[in-house]
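Structure assessment
Listed below, chain by chain, are the residues.
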Amino acid sequence: MSMSLKAAVIAGLVHSVLAVPAVISSSVAGTGVPTLTISTSVASPSASLSATLPAQAPLPPTQDWCIGQIFCAGSLLQTVNIAQLWSDPKTFVDKPTSKSSQQVLADFNSFNLSTVTEGTIMNFVDTDFLGEGLELEAVALPNFNANPAFLNNVTDPLSQAYAQIVNGYWTQLARNTNQSALCNEYPGGSCESSLIPLNHTFVVPGGRFREQYYWDSYWIIQGLLQSELYDTVNATLQNFMDEIEDFGFIPNGGRIYYLNRSQPPLFIHMVSDYVSVTGDTSILQRALPLAEAELAWWATNRTLSVTSPYTKQTYMLSHYAVTNTAPRPESYLEDYLTVHDPTLSTPLTDTQAADLYSELASGAETGWDYSSRFEAIPQLGNPGLRSLNVKNHIPVCLNSILYKARVLLAGLYGTSNETASNNHLQVAAGIRAGILDLLWDPTKLAFYDFNLTSNARNDIFTTATWYPAWNGIIPDEVLASQSNAFGYFAAVNMVMNKYNGTVPVTFLDWTGLQWDAPNAWPPHQYIILEALRAIPSNLTTNGLPTPSSSQSTYDLIPAGQLALTEAQLPGQPFRGAQSNENATTTGPGADINKLVGTVVNGGNATSGEGWRDTLQRELANRYYTSALCSWHATGGSIPGLLPQLSASQLNLTGSINNTGNMYEKFSNLNVDSSGGGGEYTVQAGFGWTNGVVLWVASTYGKQLVAPQCPEIVASATSTSTGTSAAVGLQASSGALITAVAISVMASIFFS
């Protein structure tokens, strides 16, 4: 990175108080600005303070793209991570210094790293660094409306009241850069920070994600548009445009340690949605040339020529591929230990280590960090991660998004620049042809990533299969018949019947990765619903197909689509008292959530409902149930409609004195539970979860029914993701008990 670009980034700030993860309380009277209560994270070293730090592996190469020597790969960052002062390495790199970078480095260089102790490093951090989160400040949202019009679409009183509460959460997640606290420009400033300062208001996801993020913002914006917070949407887009001007692309997030990677490129989608809803075309004067710049960045840095083994045609398609040869600063220890795993019988060579660091960063660029989807040999933990092969995949999701970005940009030009418009449509046509040739399996009726290593499609079934339809690519085979159209979505139908929650990322539940089962993510439920909405109505008049009396809904899925037998699918825990016992895994008994005309927590059937509308109703209700019930299980309540759980029940989820968590991901096994797994603990907040809740409420408000939340029961086991996740998993039968009793089917399942 050039010094001129480095100088363009303000690298720090000073503040008089210490800080930690933001905790929001009520607004200051008369200002509308939430009170941002900040306190310092307490270090909890993994060893005694007198213990000498473990021996370190050799330092990775200096990363030219990263700004500075404190928050980028180097001796200081590696040493602090080896000390393991915090459970989350992101805590440290989000702490601004309290001194100049030169003084901090001088203090660190005074240590003898062969004898330095845990206590010395802890004191160094306490003395030379402030608290994380100081660079940002809470801000009042202009024109906030506590009762946006979409609430009138929600007929169920409980669902409406919950949507109104979630609408209010935007006020707790809105941030500005604290301009008065910024340091001088790097280098030579009075302090240093990893923050990329932004000029406009934005909404953060929440939890450890305390800055603006790229692809999260798409679903945040979906909610903000329903909440009529158009100025905030515009401000978010202005921030992204500032970043394109400064860096040539939109980074993963608003920190300098993200400057080597982007995320799924949804900027043009956001601009199009904003213009469509508001009619504000004035933004296009700035947005159109910067949209061109972003697409040029993807074309130059992430696009390659691929020749199809099926048709011998050649296409220009994109992949995720980050130039990086060191641990990611925000996940330094995890990456370091993945490479320098003490259980390895043969250490990785320098070349192998550099390649793996690049794969780990590329995995983060996908947004799916991490998933068996990109592993050459899916396995539990580090062995699987060491087989990451992200850069050699042509992903369904990325290319679908880039196809639609071209189409949308052509539409935004209209007749004002027909040459540019036609060029984008021509490029889009090439991407579409490549997707249908390389990524679509016309027999299995699903999309799969193309693997450049094997020169063939993968067979791991993921939620990426519905990205093309969401983005306007519907294969001819799907359009050929109602049976085929349903076959494309048959796995959704199986999930609604077989599992208590929503659609998981994959059906592999043994990797420990957060973008695998049993985790179900809010953006994917949105994408599936939008994909269903994209199917032409003439293909959706028939009712849902039903399996024979000796089969389950698994048997309605096209042969080979999941690449798993029914017995290989994850089990659904049956009941709290027998939490290690799964429901019947095969045959009609596996469809434990099946009711007459609907499913448990799937809303009410209506006469003449086609299969597409049935699946939309069921998934919309199930998603709403997951969000509301996990919020209720962690202390959420609504006066007169939903009383707070008892202290003894809240104690089981670690939620005493809590008022409800909005989780970033859910368990598809239990609507009471957050998701789990991955390299950080479950995050609450949460921007995209809130956005999808509000979009579902607005779009399906008349079909939402008050959910039957499970009873919280004690966990017989624990997990690494926290009490609530462990308890929720064991409680998965609660909804079943309640709803099945209501449907007079209890005697069948609980005899």
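Residues numbered from 1 in each chain as written. Predicted model: local features only at pLDDT ≥ 70, side-chain atom pairs only at ≥ 80, totals over all residues. Heavy atoms only, no water.

1. Section: the nonpolar core
For the record, the criterion: Buried residues of nine kinds, namely Ala, Val, Leu, Ile, Met, Phe, Trp, Tyr and Cys, make up a nonpolar core once their side-chain atoms join them within 4.5 Å. Exposure categories follow from relative accessible area, calculated using a 1.4 Å probe and restricted to protein chains: below 20% of the type maximum is buried, above 50% is exposed, and the middle band is partly exposed. Here a helix means four or more residues in a row that DSSP labels H or I, a strand means two or more in a row labelled E, and each is numbered from the N terminus.
Phe 267 and Trp 466 are the most contacted members of the largest nonpolar core, which totals 201 residues. Ranked by the residues each element gives to this core, the list is headed by helix H15 (residues 396–413), at 11 residues.

2. Quick word on the pairing of strand S17 (residues 670–674)
For clarity, the cut-off: For two strands to be treated as a pair, DSSP must find no fewer than two bridges joining them.
Summarising burial for S17: 5 of the 5 residues are buried, a large majority. As defined by bridge partners, strand S16 (residues 666–667) adjoins S17 across 2 bridges and the pair is classed as antiparallel. For Phe 666, the partnering residue across the bridge sits in S17 and is Ser 674. Hairpin connection, S16 to S17: the antiparallel pair is bridged by 2 residues.

3. Some points on unusual backbone geometry
Cis geometry marks the peptide bond from Asp 369 to Tyr 370, where omega comes out at 5°. As for its position among the elements, Tyr 370 is in the loop between helix H13 (350–365) and helix H14 (382–385). Despite not being glycine, Gln 84 has its phi angle at roughly 50°, a positive value. In this structure, Gln 84 sits in the loop between helix H2 (75–83) and helix H3 (90–93).

4. Let's talk about the state of the cysteines
The term disulfide refers to a covalent linkage connecting the sulfur atoms of a pair of cysteines. For clarity, the threshold we go by: We call a pair of cysteine sulfur atoms a disulfide when they lie within 2.5 Å.
Summed over all chains, the structure comprises 2 disulfides. Across the disulfide from Cys 66 sits Cys 72; the S-S distance is 2.0 Å. Judged by the torsion about the S-S bond (-80°), the Cys 66/Cys 72 disulfide is left-handed. At a sulfur-sulfur separation of 2.1 Å, the disulfide partner of Cys 629 is Cys 709. What sets the handedness of the Cys 629 and Cys 709 disulfide is the S-S torsion sign, and at about -85° it is left-handed. Linking Cys 629 in helix H22 (residues 611–633) with Cys 709 in the loop between helix H24 (687–700) and helix H25 (723–730), this pair joins segments that are 80 residues apart in sequence. Note on Cys 629: relative accessible area 0%, which makes it buried.

5. Description of the packing of H2 against helix H5 (residues 118–128)
Heads up, the rule is: Here an axis means a line fitted to C-alpha atoms, over the contact stretch when the element is a helix, while the angle between two N-to-C directions is reported on a 0 to 180 degree scale. Every angle not falling under 35 degrees, over 145, or within 65 to 115 is termed oblique; those three ranges are roughly parallel, roughly antiparallel and roughly perpendicular. Handedness of a crossing follows from how the near helix is turned relative to the far one, being left-handed for an anticlockwise turn of less than a right angle and right-handed for a clockwise one. For this analysis, residues touch if any pair of their heavy atoms sits within 4.5 Å. Each residue gets one of three labels, nonpolar for Ala, Val, Leu, Ile, Met, Phe, Trp, Tyr, Cys and Pro, charged for Asp, Glu, Lys and Arg, and polar for the others, Gly among them.
Running from N to C, H2 and H5 cross one another at 120°; their axes reach a closest spacing of 10 Å. Considering the angle they form, H2 stands oblique to H5. Here H2 runs over H5; the crossing is left-handed. Judged by residue contacts, Leu 76, Thr 79, Val 80, Ile 82 and Ala 83 of H2 engage Glu 118, Ile 121, Phe 124 and Val 125 from H5. Broken down by class, the residue content of the contact of H2 with H5 amounts to 7 nonpolar, 1 polar and 1 charged.

6. Focus: H24
This is how the line gets drawn: One less than the number of residues in a helix, times 1.5 Å, gives the span that helix is expected to have.
In this model, H24 (14 residues) spans 20 Å end to end at C-alpha, consistent with the 20 Å of a helix rising 1.5 Å per residue. Taking burial as the measure, the 14 residues of H24 include 13 buried ones, the bulk of the element.

7. Description of helix H9 (residues 230–247)
Compared with the 26 Å implied by 1.5 Å per residue over 18 residues, the 26 Å span of H9 between its first and last C-alpha is a close match. Most of H9 is tucked away, with 14 of its 18 residues classed as buried. One or two residues past the end of H9 sits Gly 248, with phi positive at roughly 90°.

8. Focus: the pattern of salt bridges
Inclusion rule: Any Lys or Arg side-chain nitrogen found within 4 Å of a carboxyl oxygen on Asp or Glu counts as a salt bridge.
Taken as a whole and judged by the stated rule, the model has 22 salt bridges. The salt bridge partner of Asp 94 is Lys 90, with a shortest N-O separation of 2.5 Å. Look at Asp 94 and you get buried, because its relative accessible area is 0%. Note that Arg 328 and Glu 330 form a salt bridge whose closest N and O atoms lie 4.0 Å from each other. Side by side, Arg 328 and Glu 330 carry an identical accessibility label, which is buried. Through salt bridges with shared partners, a single ionic network connects Lys 90, Asp 94, Glu 135, Arg 210, Glu 211 and Arg 255.

9. Let's talk about the sheet that holds strand S11 (residues 450–451)
Within the open sheet, the 3 strands sit side by side as S8-S11-S12. Their pairing is antiparallel. Two strands in the sheet have a free side with no partner beyond their single neighbour: strand S8 (393–394) and strand S12 (456–457). Bridge analysis of S8 against S11 gives 2 bridges, and the strand direction is antiparallel. In the strand pairing of S11, Ile 394 is matched with Phe 450.

10. A few points about the confidence of the model for the chain
Applied cut-off: pLDDT measures the predictor's confidence residue by residue and takes values from 0 up to 100.
Counting all residues, the mean pLDDT for the chain is 89, and 88% of those residues have values of 70 or more. Across the chain, the element-wise mean pLDDT spans from 27 in helix H27 (residues 746–749) up to 99 in strand S10 (residues 446–447). Scored below 50 in pLDDT, residues 1–31 shows 100 contacts in the model against residues more than four places distant or in partner chains. For the stretch residues 716–751, pLDDT sits under 50, and the model shows 89 contacts to residues farther than four places along the chain or on other chains.

11. Structural notes on the packing of helix H8 (residues 216–226) against helix H10 (residues 267–278)
Look at H8 against H10: their axes get within 10 Å of each other, and the N-to-C directions meet at 10°. Compared by their axis directions, H8 and H10 come out roughly parallel. Residues Ser 217, Tyr 218, Ile 221, Gln 222 and Leu 225 of H8 lie in contact with H10, whose contacting residues are His 269, Met 270, Asp 273, Tyr 274 and Val 277. The residue inventory of the contact of H8 with H10, partitioned by class, reads 6 nonpolar, 3 polar and 1 charged.

12. Some details on the packing of aromatic side chains
Rule in force here: The pairing test for Phe, Tyr and Trp rings, Trp by its six-membered ring, is centres within 6.5 Å, and the orientation test on the planes gives stacked under 30 degrees, edge-to-face over 60, and tilted for anything in between. Placement of a positive charge over a ring is assigned whenever Lys NZ or Arg CZ falls within 6 Å of the ring centre and within 35 degrees of the normal to the ring plane.
Within this structure, the stated rule accounts for 48 aromatic pairs. Seen in terms of ring centroids, Trp 215 and Trp 688 are 5.5 Å apart; in terms of plane orientation they differ by 85°. Their pairing is edge-to-face. Of this pair, Trp 215 sits in the loop between strand S5 (202–203) and H8 while Trp 688 sits in helix H24; the two residues are 473 residues apart in sequence, bridging distant segments of the chain. We classify Trp 688 as buried; its relative accessible area is 3%. Here Arg 373 stacks its cationic end above the ring of Trp 368, 4.3 Å away from the centre of that ring. One Lys or Arg, Lys 444, reaches over the ring of Tyr 448 and ends 5.3 Å from the middle of that ring.

13. Let's talk about the sheet that holds strand S4 (residues 174–177)
Judged by pairing direction, the sheet is antiparallel, and its 3 strands sit side by side in the order S3-S4-S5 without closing on themselves. Two strands lie at the open edges of the sheet, namely strand S3 (136–138) and S5, each paired on one side alone. Taken together, the 3 bridges between S3 and S4 define a ladder with antiparallel strand orientation. Opposite Leu 136, over in S4, you have Thr 177 as the bridge partner.

14. Some words on empty space enclosed by the protein
Definition in use: With a 1 Å grid spanning the protein atoms alone, the term cavity applies to any set of points in which a 1.4 Å probe fits but cannot get out, the term pocket to an open set with protein on both sides within 12 Å along at least five of seven lines, and the term lining residue to any residue with an atom within 4 Å of a point. Grid points are joined across faces, edges and corners, and a volume is the space filled by probe spheres set on the points.
Summed over the entire model, instances satisfying the criterion amount to 3 cavities of 30 Å³ or more. Taken as a whole, the largest cavity spans an internal volume of roughly 240 Å³. In terms of lining residues, the largest cavity is bounded by 23 residues, among which Phe 209, Tyr 213, Gln 263, Asp 369 and Tyr 680 are the most central. A per-class count over the lining of the largest cavity returns 10 nonpolar, 5 polar and 8 charged. Of the pockets and cavities examined, the second largest cavity occupies roughly 40 Å³. Around the second largest cavity, the lining residues are Val 396, Phe 447, Tyr 448, Asp 449, Ile 460, Thr 462, Ala 464 and Thr 465. Residues belonging to the lining of the second largest cavity are distributed by class as follows: 5 nonpolar, 2 polar and 1 charged.

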